[in-house]
Amino acid sequence: MSGPDAVSLTRSLLAFDTINPPGREADCARHAGAMLEQWGFRVEYHEYEPGRTSVVARIGGTEGKAPLCLTGHIDTVALGARPWSKDPFSGETEGDRLFGRGTSDMKAGVAALLVAARTFSKKLDGTPGLVIVLTAAEEGGCIGSQHLARTQLLGKAGAMVVGEPTSNYPYVGHKGSVKFHASFKGVSAHGSMPQLGDNAIYKAARAVSALEAFDFGAAPHPVMGSPTMNVGTMTGGSGVNMVPDTASIGVDIRTVPGMDHGKLLERLQETLGREAQMEVFSNLLPVWTPPQQEWIERVFDICKQHLGTRPEARTATYMTDAANLLKVYTGAPTIVLGPGEPQMAHQTDEWCSMERIRQAVSMYEAIIKDWCRP
Ligand SMILES: [Zn+2]
């Protein structure tokens, strides 16, 4: 199958403004879906809200072995406050660099996955085949994949490649996350008569101190290290002359494999006090495949041919949609591997190396070929 190369495809994906919020992934999703259909894929769309469109596309498939999943998100973050020196949507280049919002994170990754899939599109009948999952609303909470995981559209997958930015270095997972707000209630009174009230900010402050001393009781993971906690927000009160009757904190916890999120949440509730109202808005398990796993070993061999040295086990610092997709693709070994530069994600004048985009296509092709061997 012929068609655009991965660099020009990245450019055409960049032209769609999918800045999230508001997202508006629909046109970009339909554009990718139409191409996939042309290449012979069976394409389905899922909108969890009008305009918030994800794509699931399949090709090939056998009874014996589940397909390989290739996945990436099509939304991007905002341009930020600092002015750009390059146009964020037109795909300007300078030397090897392709500029634009979402080049590294992660339209180049999506383009490379698509082009590699196209290479094999006519050769996958009677093989395990591919399932391509392009998600909406990954930025700010993996909402698209969360909804997708509740549908029947994902089907099965035997292994997963997530094209998030890694400079083409394969990562074997990332931490999980638990994010929540906790609110505290009090009784308001005049600021000159605090004894008549019940101060909610004092309760929140005591809870924050208790959280600072919180012991996860989890052994450090050999690759990911220890779990972390950050109290990121604290709000409360409505005037300096009032006893505050509400206060709330926002907490971000990053977990490592082996931790039980249910038990963790129970212990957090105990630490905060029974009165605290916890509202958990993100609860995603870590993603981790042991580097000795047989498919990971083969992916590392493939990467070695392209990177020069055999990769060692490393994990990403960020979250990915894999945490949601693994709710359906239970136990599928997962690799995060993409052409974007991780340190370029969310930056002003974001760019991606065009050489890396082409290299990613070759690496993905080799991974597909290996999975779909007849
Ligand atoms: Zn991303």
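Refer to the structure presented above.
Residues numbered from 1 in each chain as written. Predicted model: local features only at pLDDT ≥ 70, side-chain atom pairs only at ≥ 80, totals over all residues. Heavy atoms only, no water.

Visitor: Hey, could you run me through the coordination of the zinc ion in this one?
Guide: By definition of the ideal shapes, a tetrahedral metal site with four donors has angles of 109.5 degrees and an octahedral site with six donors has angles of 90 or 180 degrees. Only H73 (NE2), D105 (OD) and E164 (OE) from the protein reach the zinc ion as donors, at distances of 1.9 to 2.1 Å. On the primary sequence, the residues serving as donors to the zinc ion are separated as H-x31-D-x58-E. On the criterion of sequence distance, the pair formed by D105 in helix α3 (residues 103–120) and E164 in the loop between β7 (159–162) and β8 (173–174) is long-range, its members being 59 residues apart. Like E164, D105 is buried. (Donors = N, O, S within 2.8 Å, 3.2 Å for Na, K, Ca; no water. Helix = DSSP H or I, 4+ residues; strand = E, 2+ residues; numbered from the N terminus. Buried < 20%, exposed > 50% of the residue type's maximum accessible area, 1.4 Å probe, protein only.)

Visitor: Would you explain the pattern of salt bridges in this entry?
Guide: A side chain of one charge can pair with a side chain of the opposite charge when the charged atoms of the two come close. Evaluated as defined, the whole model comprises 17 salt bridges. Across the salt bridge formed by K263 and D260, the nearest N and O atoms sit 3.8 Å from each other. Counted as one network, the salt bridges with shared partners bring together E294, R298, D370 and R373. (Salt bridge = Lys/Arg side-chain N within 4 Å of Asp/Glu carboxyl O.)

Visitor: Any chance you could explain the packing of helix α1 (residues 6–14) against α3 here in plain terms?
Guide: Between two packed helices, what matters for the description is the angle formed by their axes and the separation of those axes. One way to put it is that α1 packs onto α3 with a least axis distance of 8 Å and a crossing angle of 130°. Taken together, the axes of α1 and α3 are oblique relative to one another. When the axes of α1 and α3 are compared, the crossing they make is right-handed. For the pair formed by α1 and α3, the contact residues are A6, L9, T10, L13 and L14 on the first element and T103, K107, A108, V110, A111, A112, L114 and V115 on the second. Residues of the contact of α1 with α3, tallied by class, amount to 10 nonpolar, 2 polar and 1 charged. (Axes fitted to C-alpha atoms, helices over the stretch in contact; angles between N-to-C directions. Parallel < 35°, antiparallel > 145°, perpendicular 65-115°, else oblique. Left-handed = near helix turned anticlockwise from the far one by under 90°. Contact = heavy atoms within 4.5 Å. Nonpolar A, V, L, I, M, F, W, Y, C, P; charged D, E, K, R; others polar.)

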